[in-house]
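Chain and residue survey
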Amino acid sequence: MVNKVKIARIQMDLTPQQLAKQIGVTRQTISLIEKGKYNPTLNLCLDLCYALNKTLDE
């Protein structure tokens, strides 16, 4: 399964650390989300969407 969060992050030219700092989580949280080992809350999903200029559907 392709991880859309990782692809969007790379397209925005962000490191996991930069994205984590932008939305107020740890780099490890971003890593776990990208690996599919962490199910983020709706609020965290929305924060990711805003930071990556994506919609929840994308």
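Everything below is about the structure printed above this text.
Model, not experiment: these values are computed from the prediction.

Ranked by size, the top nonpolar core spans 11 residues in total: A8, L14, L19, A20, I23, I30, I33, L44, L48, A51 and L52. Those elements that provide at least two residues to this core are α2 (16–23), α3 (27–35) and α4 (42–52). Here the element with the most residues in this core is α4; it accounts for 4 residues. Once you skip the residues sitting within four places of it in the chain, L19 turns out to touch R9, L14, I30, L48, A51 and L52.

Right, let's get into a positive patch on the surface. Residues K6, R27, K35 and K37 make up a contiguous surface patch of positive charge. Under the relative-accessibility criterion, R27 is labelled partly exposed at 39%.

Let's shift gears to the pattern of salt bridges. Overall, the coordinates contain 1 salt bridge when judged by the stated rule. Between R9 and E34 there is a salt bridge whose closest N-O contact spans 2.6 Å. Within this pair, whereas R9 is found in helix α1 (residues 4–11), its partner E34 is found in helix α3, the two being separated by 25 residues in sequence. E34 shares its class with R9; the two are buried.

Calculation criteria
- Residues numbered from 1 in each chain as written.
- Predicted model: local features only at pLDDT ≥ 70, side-chain atom pairs only at ≥ 80, totals over all residues.
- Heavy atoms only, no water.
- Core = buried A, V, L, I, M, F, W, Y, C linked by side-chain atoms within 4.5 Å.
- Buried < 20%, exposed > 50% of the residue type's maximum accessible area, 1.4 Å probe, protein only.
- Helix = DSSP H or I, 4+ residues; strand = E, 2+ residues; numbered from the N terminus.
- Contact = heavy atoms within 4.5 Å.
- Patch = residues over 30% accessible without salt bridge, like charges linked within 9 Å, V, L, I, M, F, W, Y side chains within 5 Å.
- Areas by Shrake-Rupley, 256 points an atom, 1.4 Å probe, with all protein chains shown as cover.
- Salt bridge = Lys/Arg side-chain N within 4 Å of Asp/Glu carboxyl O.
- Lys, Arg positive; Asp, Glu negative; His and termini not counted.
- Charge placed at Lys NZ, Arg CZ, Asp CG, Glu CD.

Function-wise, these values are silent; they only describe arrangement.
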